[in-house]
Amino acid sequence: MNYKVPFVDSKKNYQLIKNEIDSAYNEVMTAGDLIMRGQLSGFEDNLAAFVGTKYAVGLNSGYDALHVSMIIAGIKSGDEVIVPAHTFVATASAVVNAGGTPKLVDVSKDYNIDVSKIEAAITPKTKAIIPVHLNGRMSNMDAVQSIAEKHKLIVIEDACQSLGASYNGRKAGSIGLTGCWSFYPFKILGGYGDGGAITTNDPEAARIARLLRYNGEDRTTGAYYYHGFTCLLDNLQAAFLDVKLRHLPNWIKRRKEIAKQYLDGLSGLKDLGLPHFDDHKNDDVYQNYVIRTSQRDNLSAWLKENGIEILIHWPKPYYSYNGLNLDGSYCSETESISKEVISLPMNVEISEEQVQYVIQTVRKFFV
Ligand SMILES: *Cc1c(COP(=O)(O)O)cnc(C)c1O
């Protein structure tokens, strides 16, 4: 279907930066620099500087960043790891695939882990916690860190949706042992295929990640140190991501402007919740603009009929899929969220007219 307002518009996004992307492509292809060359290390340096960590290690996906982080954290069979019940399934899958057991904790009204419920989930087997910074908003990291210190838990940040966000002046991905990033095309910093990274201040974590991503091999000596994976960020993708990273500060500004327009245009409607939460400590980057209403299914049908592409993150909690073998049946906020949320178009290529059209169309439904 051809939407008047697509959820994202990759073709239009490319046109915004075509010259720079094309010259990055030409540079890489002309030199034949495909694996672990200057573009990868250059991007890693720039990403680390942006996040404010000493190291960044490019990987193949956000999932790999989480999985590698679980191994760095030493998670193994019998260990429990606390994860939010409302997140992308990869957060929990990384724990399971490392041999651990995810312990699900419900979220708050701002869609991030409910810090008042974390301690009840801690047992003598708990080794780590993965706060997820969902939709471009960081979790309450003051609370997460103090609980982690008290119970000696390793903190791994799933920051896949929050590049550039901060909490209490500290950037997402700079606080935990590692911060995990995804460069999936529709993330705030999206490549042209899969990509990911970890950021860390810990030299040992960075060293292990660099070995694990390349089959456990130290490329300079050829020696093997681990049973690793093949999950290296491609040099070509790194070159593209580096171009986009230069635009990121402006693109984040643009996302905040759009969020402000949605706020101004949509506030005051009965039965419509907007993602603006009063905590002066958070600086949000709006990876997703999530609205909430009891009339979700009718509103999403209405928006689609009127040419507006929306997504639902997520219509069913991941733990309710039998194949995943998880127990989150007590997570009532997550259950309501799955019935009430809609993500509106939020991207840097959307036009002013399109934003206004979304606002008018949502308003028409309610009034
Ligand atoms: C996208 C995402 C991931 C996984 O990233 P991939 O690159 O798709 O593997 C993990 N966690 C969250 C919160 C995400 O949004």
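That block above? That's the structure.
Remember, it's a predicted structure, so these values are computed and weren't measured experimentally.

Trainee: Explain the pairing of strand β11 (residues 289-292) residue by residue, including any values.
Mentor: For a regular strand, side chains alternate in direction, first toward one face of the sheet and then toward the other. Across the two faces of β11 the burial is the same, with Tyr-289 and Ile-291 and Val-290 and Arg-292 all buried. One ladder, built from four bridges, connects β11 with strand β12 (residues 341-344); its direction is antiparallel. Across the sheet, the residue bridging to Ile-291 is Ile-342, located in β12.

Trainee: Outline the layout of surface pockets, supporting the account with residue identities and numerical values.
Mentor: What the largest pocket holds in volume is close to 760 Å³. Looking at the lining of the largest pocket, the elements that each hand over two or more residues are α1 (10-16), α4 (62-72), α5 (90-97) and α9 (235-266). Its residues placed into classes, the lining of the largest pocket shows 19 nonpolar, 15 polar and seven charged. Both domains that furnish three or more residues to the lining of the largest pocket are identified here as domain 1 (10-105 + 112-242) and domain 2 (248-366). Here the second largest pocket is characterised by a volume of approximately 210 Å³.

Trainee: Outline the sheet that holds strand β5 (residues 154-158), supporting the account with residue identities and numerical values.
Mentor: An order of β1-β9-β8-β5-β4-β2-β3 is seen for the seven strands of this open sheet, with the pairing classed as mixed. Since the sheet does not close on itself, it has two edges, and those belong to β1 (55-59) and β3 (101-105), each with one partner. Taken over all neighbouring pairs, the strand axes of this sheet differ in orientation by 25° on average, direction set aside. As judged from the three bridges shared by strand β2 (residues 80-84) and strand β4 (residues 126-129), these two strands associate in the parallel manner. Counted as the bridge partner of Val-81 is Ala-128 from β4. Relative to the sheet, helix α3 (residues 38-51) contacts β1, β8 (178-182) and β9 (196-200), its axis offset from that of β1 by approximately 130°. Taken strand by strand, helix α8 (residues 203-212) contacts β1, β8 and β9, and its axis lies near 20° from that of β1.

Cut-offs and rules
Residues numbered from 1 in each chain as written. Predicted model: local features only at pLDDT ≥ 70, side-chain atom pairs only at ≥ 80, totals over all residues. Heavy atoms only, no water. Buried < 20%, exposed > 50% of the residue type's maximum accessible area, 1.4 Å probe, protein only. Helix = DSSP H or I, 4+ residues; strand = E, 2+ residues; numbered from the N terminus. Pairing = 2+ DSSP bridges. 1 Å grid on protein atoms, 1.4 Å probe; cavity = no way out; pocket = protein on both sides within 12 Å on 5 of 7 lines; lining within 4 Å. Points joined across faces, edges and corners; volume = space filled by probe spheres on them. Nonpolar A, V, L, I, M, F, W, Y, C, P; charged D, E, K, R; others polar. Domains from an automatic or database assignment. Axes fitted to C-alpha atoms, helices over the stretch in contact; angles between N-to-C directions. Contact = heavy atoms within 4.5 Å.

Limitation: the analysis is restricted to geometry and does not speak to function.
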